[in-house]
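# Topology and contacts: notes
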Amino acid sequence: MPRRTLILLATLGSAALLGGAFAFQYIGGLAPCQLCLWQRWPHAAAILIGVVALTTGWRGLAWLGVIAALATAAIGIFHVGVEQKWWEGLASCTAGSIEGISTADLLDPTKDVAAVVRCDAIAWQMLGISMAGWNAIISLVLAGIWVKAARTA
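Below or above, wherever it landed, is the structure these notes cover. Note that the structure is predicted; figures quoted are calculated from it, not measured.

### Things to note about the overall build of the protein
- Each helix and strand in the protein was counted, giving five helices and two strands.
- Listing each helix as α and each strand as β along the protein from the N terminus yields α-α-α-α-β-β-α.
- Residues counted as buried form 33% of the 153 residues belonging to the protein.
- Look at the contacts in the protein between residues 6 or more apart in sequence, and 76% of them connect residues 24 or more apart.
- Summed over its atoms, the accessible surface of the protein is roughly 8900 Å², and 69% of this surface lies on carbon and sulfur atoms.

See the structure below:
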């Protein structure tokens, strides 16, 4: 398969995953946790890398695509571990206590005291695999496509 086709495939893969994340958020109503948000940034970078690689033809950019795909896969794997309680998540991903928040603030609709979206709670899964798990799996496949693109003459 030609390098340009591989880069296009990897770029479209990241675009599909990022689009899916936004669809789950804005159409499905599933608010993302902090780790979910972090998984989006490398996909955005991979899309940008892919567009630049396709327009300039610079071969070295494919290696940056590999790094972006591996970065989001690594975050996804970490997220799966948090979901499965294999290790602790981030402090920003756990629902804290309402201790220290006054009753007046809790009842005041102008105050933002919304609950933190938990990273250790699986919001959606398919075939027993969470969104973070699917992101990790598909991102590893995309990393392989980027490697193939980088090695193709």
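### Regarding unusual backbone geometry
- In this model, Lys85 sits at a positive phi of 65°, which is unusual for a non-glycine residue.
- Along the polypeptide, Lys85 turns up in the loop between α3 (61–83) and α4 (103–107).
- Notably, Leu127 is not glycine yet its phi reads approximately 55°, a positive angle.
- Along the chain, the position of Leu127 falls in the loop between β1 (125–126) and β2 (129–130).
- A relative accessible area of 74% means that Leu127 is categorised as exposed.

### Considerations on the packing of aromatic side chains
- For the coordinates displayed, the defined rule picks out four aromatic pairs.
- Taken together, a centroid distance of 4.9 Å and an interplanar angle of 55° make the contact between Phe24 and Trp124 tilted. Separated by 100 residues along the polypeptide, Phe24 in helix α1 (residues 3–26) and Trp124 in the loop between α4 and β1 bring together distant segments of the chain.
- Phe24 sits in the partly exposed class, given a relative accessible area of 27%.

### Section: the side chain of Arg40
- By the element assignment, Arg40 lies in helix α2 (residues 34–56).
- In this structure the side chain of Arg40 is engaged in a polar contact, spanning 2.7 Å, whose partner is the side chain of Gln25.
- Sequence-distant contacts of Arg40, that is, excluding residues within four places in its chain, are made with Leu18, Ala21, Phe22, Gln25 and Pro32.

### Some points on the environment of Ile138
- Checked against the element boundaries, Ile138 lands in helix α5 (residues 131–151).
- With relative accessibility at 32%, the residue Ile138 sits in the partly exposed group.
- In sequence terms Ile138 and Ser14 are 124 residues apart; their C-alpha atoms lie 9.0 Å from each other.

### Details of the environment of Ala121
- Its location among the elements puts Ala121 in the loop between α4 and β1.
- Considered as a pair, Ala121 and Val82 are 39 residues apart in the sequence and their alpha carbons are 8.6 Å apart.

### So, a nonpolar patch on the surface
- Where nonpolar side chains cluster on the molecular surface, the patch consists of Leu70, Ile77, Trp86, Trp87 and Leu140 and spans about 520 Å² of accessible area.
- With respect to the helices, strands and loops of the structure, Leu70 is situated in helix α3.

### Structural notes on α1
- Here α1 is 24 residues long and its end C-alpha atoms lie 34 Å apart, about the 34 Å a rise of 1.5 Å per residue gives.
- Residues Leu6, Ile7, Ala10, Thr11, Gly13, Ser14, Leu18 and Gln25 constitute the buried set of α1.

Rules used throughout
- Residues numbered from 1 in each chain as written.
- Predicted model: local features only at pLDDT ≥ 70, side-chain atom pairs only at ≥ 80, totals over all residues.
- Heavy atoms only, no water.
- Helix = DSSP H or I, 4+ residues; strand = E, 2+ residues; numbered from the N terminus.
- Buried < 20%, exposed > 50% of the residue type's maximum accessible area, 1.4 Å probe, protein only.
- Contact = heavy atoms within 4.5 Å.
- Areas by Shrake-Rupley, 256 points an atom, 1.4 Å probe, with all protein chains shown as cover.
- Phe/Tyr/Trp six-rings, centres within 6.5 Å; stacked < 30°, edge-to-face > 60°.
- Polar contact = N/O pair within 3.5 Å; in protein donor to acceptor, adjacent residues only side chain to side chain.
- Patch = residues over 30% accessible without salt bridge, like charges linked within 9 Å, V, L, I, M, F, W, Y side chains within 5 Å.
- Salt bridge = Lys/Arg side-chain N within 4 Å of Asp/Glu carboxyl O.
- Expected span 1.5 Å × (residues − 1).

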